[in-house]
Each structure stands twice: as structure tokens, then as C-alpha cells.
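# Descriptive analysis of the structure
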Amino acid sequence: MLKREFTEDQTLFRDAYRKFLQQEITPHMEQWREQGIVGREAFLKAGAQGFLMIWPEEEYGGLGEDDFRFEQIIIEENQYALTADWNCTLHSRLVGPYLKRFASEEQKQRLLPKCVTGETILGIAMTEPDAGSDLAGMRATAIDQGDHYLLNGNKTYISNGINADVLIVAAKTDPENNPRYIGLFIVERNFEGFSRGAMLKKMGQKGQDTAELFFQNVKVPKANVLGDPSKGLPYLMEGLAEERLIAAVECLAAAQKAFDITLDFTKERKLFKKTLGNFQNTQFKLSDLRAELDMQQVYVDQCVKALASDALTAVDAAKAKLLTSELLCRVVDEGVQLHGGAGYMDEYPICRMYTDARVTRIYAGTSEVMKLIVGRDLYQGDAVAFIDRDLA
Ligand SMILES: Cc1cc2nc3c(=O)[nH]c(=O)nc-3n(C[C@H](O)[C@H](O)[C@H](O)COP(=O)(O)OP(=O)(O)OC[C@H]3O[C@@H](n4cnc5c(N)ncnc54)[C@H](O)[C@@H]3O)c2cc1C
């Protein structure tokens, strides 16, 4: 692979985070997987060591380190250590930035310090049983009642759905006259009328809690409205390039890990008096994958650089998300195949990686939606491509 460039600080950060995973996360993974949820204390430990939400300025308790390269390191290490269900990036860099971009000063002071320490865990709730890709089709409403908004509706497939103390919930604020007016509301754990369903049983990513959420006449104080309550859709669009890049980094790191596991296996496994790696079929398959992985790494690293200078477009990030997730699914599939029966056994990491991988072509925008974004860019220009969450 071409040499990847990291600063000395970033290399030290990677070493320290790797050590943190070995000490505080890996020993608990099996138990969390059985429970279907990561222990809350993990967030506190990550917060105490400065690995959770590092971007807020020091006045909010953070390190003021906004360079995505650091989060890329966290995402990669989580995959390399097989601790991906400990998905701290969802809290730190997927949901947290909504507070950075749209929260008032009062909201930042009230919420950010506890997000940095891990006392407050974040989630975001957009998807509904009948509204995923077609987000503008959501039914949840939040109606202005003077001193508060009255929130009603159901959300589903919400990551951190059980663990989250604070959720950013999307709902329509003028469903009759302006169905495209969507607001983002900060819903706290103890709000009356807010309840959660049981943890949803999933094909993979079994240590991560995913849940349904119910809102029945929940009074959301005006102090908990995020920005302009009619601009939720453009707000959601604004973060999409970074969200898709997070998914791409995650997919590519998982694919690298699945490849390494498989390569090692083929060097050890003996059959017909030679190792599996001696067969030309094995070498051809792994060579193809190795070449694709190396090429994609260059593109993804370039996207990370572009993000740092605000030059990453939603279209370029969509291309990265599309191809890395499709490649991951092929790598884990070939990985299982080369493992033979062992690949179907839960005790082999490739088995879990196979079931974990499948959702990456679905969440954070499906592969089909990614193709629509790229297609629209080809035929209609870049600007329209941002409106990908409510494609007709
Ligand atoms: C494990 C997991 C965690 C998740 N976490 C969260 C979370 O934290 N918060 C949250 O809000 N959501 C979350 N989601 C929801 C996720 O974002 C949605 O599942 C995803 O956007 C797809 O929406 P959908 O499930 O409604 O499928 P649909 O949108 O109904 O898609 C069904 C099929 O139709 C295709 N399709 C859709 N539109 C078009 C089109 N215009 N043209 C052609 N084909 C199309 C899709 O590609 C797909 O193949 C999570 C989902 C999962 C599985």
C-alpha cells in the first residue's frame, strides 16, 4: 500500500487509543454483545481519557481538536481491534456536530461539557417505520404551543436508542401548510411522554443498541429547539458529506481487517499437502481485493483532506460511501468462502464481520440513494444532489 501520511501527534494518538481499546473496551466486548448494548461506563472512561468528542473548544471541556484525521484514527482502530460495536463516533462526530452547528450558546454550555465527559450519551432519531430514504415523508409532528412544542410520533432503528440521554428528534412543525418544514428537537431522557421499545434484534452489530422510540404528547420546551424549527431538512443535508465519509472510513477499515484475517488464515490452513494461500485461486482473489483496497484508501484519505479544507462535496462523499460499503461486503463474503466451514462459525471473527457488514449498504443512506446522488450530479449539477434525503 502507498505510504499513508500521519503527523507525529496523530501517530501517538493512535497508539494511545489502541491501548485504551485493549484495556477498557476489548475485555467487555463479549458481554456487551450478549447484552445487546455497550456499558455506559465505557463512555465515561473514554471521556476521562480524552477520546470522546474532542472537537468542542476548551470552554466546553473539549480539546478543541476539529481535525477529522483524529476521528478517522478512532474509527479505524475500532475496526482493527474488532470493537466496532463500541461506536463512539456516532456520539462524538455524527450527532455531536449538530450541537456545534445549530445549538445556541446557552444550549452548548448546558449540553456539551457532559457530552465530552461521557455523562450524556447522544443519539439522533430521523427514521420512522414509513420514512427512511424518503425522510420528508415522516409523520412525527411537533406543534408550537406558545411556550413549548408538542411532540408526537414514532421513530425506529435508532442507534444508541436505549443508552442515549439526549436525542435529536426530527419532526414536522407545520404539517398542513408546509409539509417540508421540519424541526430538530433536543429530547431528554426524563421528558414525560417519551418512551423506548425493547432493543431490536439485529442480523449483526449485536453489541450496539438499536431501538424504537415513542413520543406521546411530549412537551419540548422552546429552550430545546435546535436552530430554526422550519429548517431541519437543510440542517440534515449540511452534515451529510461528513456523515458519509464516516461511513466510508468505517467500511474501508473493516474491509482491511477482514482482508488481513483472511490472508493470515490462508497462510495457516493446510489442505492437499499445501497451504490454502498456495492455490492460484486464493492468490488471484486476494490480489484483486488487495488492489481495490489500496486504491480506495487513497481516495478516502483524499476525502479526509478535502473535508479539512471544507472542500468535500456530498457527491464525492457519496461515491466513497457507495464503493467502500460494496467492497466491504465482497471482502467479507470472499473471506467466509476462503475460511470454509470455519467461516460460518461464530468463534471466527470473519463470521461476525460478515453479518456486521451487511447493513453498511443500507444505513447512512442506501447504495441506491448514493447512486441517485451521483446520477443527479451527472445530469443536473452538484447543488440538487444535496437534497438526497427526500428524493421523489
Ligand atoms: C442498524 C441500523 C441503525 C440505524 N441507526 C439509525 C439512527 O441512529 N437514526 C436514524 O434516524 N436512522 C437510523 N437507521 C435507519 C437507516 O438510516 C434507514 O434504514 C435507511 O435510511 C433506509 O431507510 P429504510 O429502512 O426506510 O428503507 P427504504 O428507504 O424503505 O428503502 C428500501 C429500498 O428502497 C430503495 N430505495 C429508496 N429510495 C429509492 C429511490 N428513490 N429509487 C430507487 N430505490 C430506492 C432503497 O435503496 C432500499 O433498497 C438505522 C438503520 C439500521 C439498520
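Each chain carries its own residue numbering, running from 1 in the direction its sequence is written. Local features in this predicted model are restricted to residues whose pLDDT is 70 or higher, and side-chain atom pairs enter the listing and the counts only when it is 80 or higher, whereas totals over whole chains, interfaces and linings include all residues. With hydrogens and water excluded, all non-hydrogen atoms of the structure serve as input to the side-chain values.

Each residue is tested against the molecule or strand, and it is near if at least one of its non-hydrogen atoms lies within 4 Å. Taken together, 16 residues form the shell around the ligand, and within it Thr127, Ser133, Tyr157, Thr366 and Glu368 come nearest. In the model, a nitrogen atom of the ligand is placed 2.6 Å from a nitrogen or oxygen of the Thr127 side chain. Between an oxygen atom of the ligand and a side-chain N or O atom of Ser133, the distance comes to 2.5 Å. Computed with a 1.4 Å probe, the accessible areas rest on the Shrake-Rupley method; for each residue, only the protein chains presented here act as cover. Isolated, the ligand exposes 970 Å² of accessible area, and the fraction of that covered by the protein chains is 67%. Contributions of two or more residues to the shell around the ligand are made by strand 1 (122-125), strand 3 (148-159) and helix 12 (367-380). Think of it this way: any DSSP run of H or I at least four residues long counts as a helix, any run of E at least two long counts as a strand, and we number them from the N terminus. Considering each element in turn, the shell around the ligand owes the most residues, three residues, to strand 3. Three classes are used: nonpolar for Ala, Val, Leu, Ile, Met, Phe, Trp, Tyr, Cys and Pro, charged for Asp, Glu, Lys and Arg, and polar for all others, with Gly counted as polar. Its residues placed into classes, the shell around the ligand shows nine nonpolar, five polar and two charged. A 3.5 Å cut-off defines polar contacts: any pair of N or O atoms within that distance qualifies, except that in protein one atom must be a possible hydrogen donor and the other a possible acceptor, and neighbouring residues in sequence count only when both atoms are side-chain atoms.

Moving on, we get to the nonpolar core. Working definition of a nonpolar core: buried Ala, Val, Leu, Ile, Met, Phe, Trp, Tyr and Cys residues. They are joined through side-chain atoms within 4.5 Å. Note on classification: 1.4 Å probe, protein chains only; a residue is buried when its accessible area is under 20% of the maximum for its type, exposed when over 50%, partly exposed between these limits. Leu99, Leu226 and Leu245 are the most contacted members of the largest nonpolar core, which has 71 residues in total. The dominant element in this core, judged by the number of residues it contributes, is helix 8 (residues 240-268), at 14 residues. By definition, residues are in contact when any of their heavy atoms lie within 4.5 Å. In contact with Leu99, other than residues within four places in its own chain, are Lys108, Leu111, Leu112, Cys115, Leu122, Ile168, Ile186 and Leu226.

Any two rings among Phe, Tyr and Trp, with Trp reduced to its six-membered ring, count as a pair given centres within 6.5 Å; such a pair is stacked if its planes are under 30 degrees apart, edge-to-face if over 60, and tilted if neither. Applying the stated criterion to the full structure yields eleven aromatic pairs. Ring centres 5.2 Å apart and planes at 10 degrees place the aromatic pair Phe194 and Phe215 in the stacked group. Note that Phe194 is positioned in strand 6 (residues 194-199) and Phe215 in strand 7 (residues 210-221), a separation of 21 residues in sequence. The two residues Phe194 and Phe215 agree in class, both being buried. In textbook terms, an aromatic cluster arises when at least three aromatic residues are bridged by ring pairs, as seen for Phe13, Tyr17, Phe20, Phe51 and Phe70. Note on geometry: a ring has a charge over it if NZ (lysine) or CZ (arginine) is within 6 Å of the ring centre and within 35 degrees of the ring normal. Sitting above the plane of the Phe6 ring, Arg14 keeps its charged end 4.9 Å from the centroid.

So, about the packing of helix 1 (residues 8-25) against helix 4 (residues 68-80). Two numbers describe a pair of packed helices, the interaxial angle and the distance between the axes. Every angle, taken between N-to-C directions, lies between 0 and 180 degrees, and every axis is a line fitted to C-alpha atoms, over only the stretch in contact when it is a helix. Two elements in contact, helix 1 and helix 4, have axes whose closest approach is 10 Å; the angle formed by their N-to-C orientations is 35 degrees. Read as a crossing pair, helix 1 and helix 4 show a hand that is right-handed. Contacts between helix 1 and helix 4 involve Asp9, Gln10, Phe13, Arg14, Tyr17, Arg18 and Leu21 from the first element and Arg69, Phe70, Ile73, Ile74, Glu76, Glu77, Asn78 and Tyr80 from the second. Across the contact of helix 1 with helix 4, the residue classes tally to seven nonpolar, two polar and six charged. By the definition used in this description, the sense in which the near helix is turned from the far one sets the handedness, with an anticlockwise turn below a right angle giving left-handed and a clockwise turn giving right-handed.

Between helix 4 and helix 8, the shortest axis-to-axis distance is 8 Å and the interhelical angle comes to 35 degrees. Crossing angle aside, the handedness with which helix 4 passes helix 8 is right-handed. In contact with Phe68, Gln72, Ile75, Glu76, Gln79 and Tyr80 of helix 4, helix 8 contributes Glu242, Leu245, Ile246, Val249, Glu250, Ala253, Ala254, Gln256 and Lys257. For the contact of helix 4 with helix 8, the per-class residue count stands at eight nonpolar, three polar and four charged.

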